[in-house]
Amino acid sequence: MLVTRRVDFSASHVCRNPALSDDENRRLYGPAANPYGHGHNYVLEVTLEGDPDPVTGMVMDLKELKEIVNRQVVEPMDHRFLNYEVEPFKTLIPTPENIARVIWDCLAPALAPRLHSVRLWESPDLSVEYFGEAA
Amino acid sequence: MIRLTRRYRFCASHRLHAPGLSESENRALYGKCNHPFGHGHNYVLDVSVRGPVDPDTGLAVELEALDRLVGRNILEAIDHRNLNAEVEAFREAVPTSENLGLEIYRRLSSGWGSAFPPNRPALEKIRIAETEKNIFEISSHG
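First things first, this report covers the structure right here in the doc.

Thresholds, definitions, all that
Residues numbered from 1 in each chain as written. Chains lettered and ligands numbered in written order. Predicted model: local features only at pLDDT ≥ 70, side-chain atom pairs only at ≥ 80, totals over all residues. Helix = DSSP H or I, 4+ residues; strand = E, 2+ residues; numbered from the N terminus. Buried ≥ 20, exposed ≤ 12 C-beta atoms within 10 Å, placed from the backbone. Contact = placed C-beta atoms within 7 Å. Nonpolar A, V, L, I, M, F, W, Y, C, P; charged D, E, K, R; others polar. Pairing = 2+ DSSP bridges. Expected span 1.5 Å × (residues − 1). Bend = angle between axes of the 7 residues up to and from the residue. Axes fitted to C-alpha atoms, helices over the stretch in contact; angles between N-to-C directions. Left-handed = near helix turned anticlockwise from the far one by under 90°. Core = buried A, V, L, I, M, F, W, Y, C linked by C-beta atoms within 7 Å.

Focus on the overall build of chain A
Okay, so step 1: Helix and strand counts for chain A come out as 4 helices and 5 strands.
Okay, so step 2: Along chain A, from the amino end to the carboxyl end, the secondary structure elements read β-α-β-α-β-α-α-β-β.
Okay, so step 3: The buried share of chain A, reckoned over its 135 residues, is 30%.
Okay, so step 4: Long-range contacts, defined as pairs at least 24 residues apart, comprise 67% of the intrachain contacts of chain A with a sequence gap of at least 6.

A short note on the environment of Gln72 of chain A
All names here are of chain A.
Okay, so step 1: Relative to the assigned elements, Gln72 resides in helix H2 (residues 62–77).
Okay, so step 2: A tally of 19 C-beta atoms within 10 Å means that Gln72 is categorised as partly exposed.
Okay, so step 3: Through-space distance from the C-alpha of Gln72 to that of Val3 is 19 Å; in sequence the pair is 69 residues apart.
Okay, so step 4: When near neighbours in sequence (up to four residues on either side) are disregarded, Gln72 contacts Cys106, Leu107 and Ala110.

Considerations on the interface of chain A and chain B
Okay, so step 1: Every contact between the two is made by 19 residues of chain A and, on the other side, 16 residues of chain B.
Okay, so step 2: Elements supplying a minimum of two residues to the side of chain A that touches chain B: helix H1 (22–29), helix H4 (96–111) and strand E5 (126–130) of chain A.
Okay, so step 3: Counting residues per element, the side of chain A that touches chain B draws most heavily on E5 of chain A, which supplies 5 residues.
Okay, so step 4: Class assignment for the residues of the side of chain A that touches chain B results in 9 nonpolar, 5 polar and 5 charged.

Quick word on the pairing of strand E1 (residues 2–13) of chain A
Okay, so step 1: Note that E1 of chain A and strand E2 (residues 38–49) of chain A share 12 bridges and pair antiparallel. Bridged to Leu2 of chain A within E2 of chain A is Glu49 of chain A.

What to know about the environment of Val86 of chain A
All names here are of chain A.
Okay, so step 1: Counting through the fold element by element, Val86 comes out in the loop between helix H3 (82–85) and H4.
Okay, so step 2: Among the residues examined, Val86 registers 18 C-beta atoms within 10 Å and is labelled partly exposed.
Okay, so step 3: Separated by 18 residues in the primary sequence, Val86 and Ile68 have C-alpha atoms spaced 17 Å apart.
Okay, so step 4: Discounting residues that sit within four places of it in the chain, Val86 has contacts with Pro76, Met77 and Arg80.

What to know about H2 of chain A
Residue and element names in this part refer to chain A.
Okay, so step 1: Between its first and last C-alpha atoms H2 spans 21 Å; for 16 residues at 1.5 Å apiece the expected length is 22 Å, and the two agree.
Okay, so step 2: At Asn70, H2 shows its largest bend, some 45°.
Okay, so step 3: Those residues of H2 not exposed but buried are Leu65, Val69, Val73 and Met77.
Okay, so step 4: Downstream of H2 by a residue or two, His79 has a phi angle that is positive, lying close to 55°.

Overview of unusual backbone geometry
Residues other than glycine predominantly adopt negative phi, and peptide bonds predominantly adopt the trans conformation.
Residue and element names in this part refer to chain A.
Okay, so step 1: Residues Ala112 and Pro113 are joined by a peptide bond in cis, for which omega reads 5°.
Okay, so step 2: With respect to the helices, strands and loops of the structure, Pro113 is situated in the loop between H4 and strand E4 (115–123).
Okay, so step 3: Unlike most non-glycine residues, His79 shows phi in positive territory, near 55°.
Okay, so step 4: The residue His79 is located in the loop between H2 and strand E3 (80–81) in this model.

Observations concerning the packing of H2 of chain A against H4 of chain A
Each packed pair of helices is defined by two parameters, the angle between the axes and the distance between the axes.
All names here are of chain A.
Okay, so step 1: Look at H2 against H4: their axes get within 9 Å of each other, and the N-to-C directions meet at 145°. The way H2 lies across H4 gives a crossing that is right-handed. Note on element contacts: H4 touches H2 through Ile103, Cys106, Leu107, Ala110 and Leu111, opposite Ile68, Val69, Gln72 and Val73.
Okay, so step 2: Of the residues assigned to the contact of H2 with H4, the class counts are 8 nonpolar, 1 polar and no charged.

Concerning H4 of chain A
Okay, so step 1: Across its 16 residues, H4 of chain A extends 21 Å between first and last C-alpha, which sits within 8% of the 22 Å expected from 1.5 Å per residue.
Okay, so step 2: Against E2, H2, E4 and E5 of chain A together with strand E1 (2–14) of chain B lie the buried residues of H4 of chain A.

Regarding the nonpolar core
Okay, so step 1: Counting residues in hydrophobic clusters, the biggest one holds 51 residues, and the most contacted among them are Ala100, Ile103, Leu107, Val118 and Leu120 of chain A.
Okay, so step 2: Ignoring any residue separated from it by four or fewer positions in sequence, one finds Leu120 of chain A in contact with Tyr42, Leu44, Pro96, Ile99, Ala100, Ile103, Ser127 and Val128 of chain A.

Side note on the pairing of strand E5 (residues 135–139) of chain B
Residues and elements named next belong to chain B.
Okay, so step 1: Where strand E4 (residues 122–129) and E5 come together, 5 bridges link them in antiparallel fashion. The residue of E5 that forms the bridge with Ala129 is Ile135.
Okay, so step 2: Following E4, the chain reverses through 5 residues before pairing antiparallel with E5.

Laid out in structure tokens, this is it:
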């Protein structure tokens, strides 16, 4: 059984590779390469996989899941400029792909082996899903 | 591996009418969709692509390249068109969303090689919502 919890946070970022020229950055990342940055209302869906506990009837206590997601993801990233204020993105380009992988790594220690996937919506028209290294 | 899903929108008109069936059979089968002058929808197309993240760019999919491919191969041909009258595939085939999905999948597949580097990323599935109630998915494994 899959159980999904949704949260949202807002953050700014810029997608630029310092090893590339302005033209190459613009070609690769489009308007996201604007050096001053821009922001999104991100929506994160965290999906767990497991069987309901025979006593509680729950795959996981969703209050506990909410607390973990808030502590590990929302508090460090919400209303922040990811490139300057969130450690992995001081060197890692905060593309949606990389943000999803970083979120997975932040959640996996507390949620493995039940963590099935994370889906990050950058806008209603763009989402990425990550299923961990093994998938 | 990452699955990236990009949403596109287009508007088109169509009429569902199978030439192999009688007038009354067509009316019975397709109902309102058989009205003789056709009708239209605001379609929503989700394109899902799967691939590894390039360590240099942080990208699994170059969105600009995907947008160019979808724009050139799909939207230019079908957005604000009458599918029956203006899209070659539907001179004969009935432009149901099933057939429209298959045509979109074919058009994406045929342009994929020139839009992206070899073997990266892969077209995984498409999803067409003809309305919010009628949704069709076509994936690489059928």
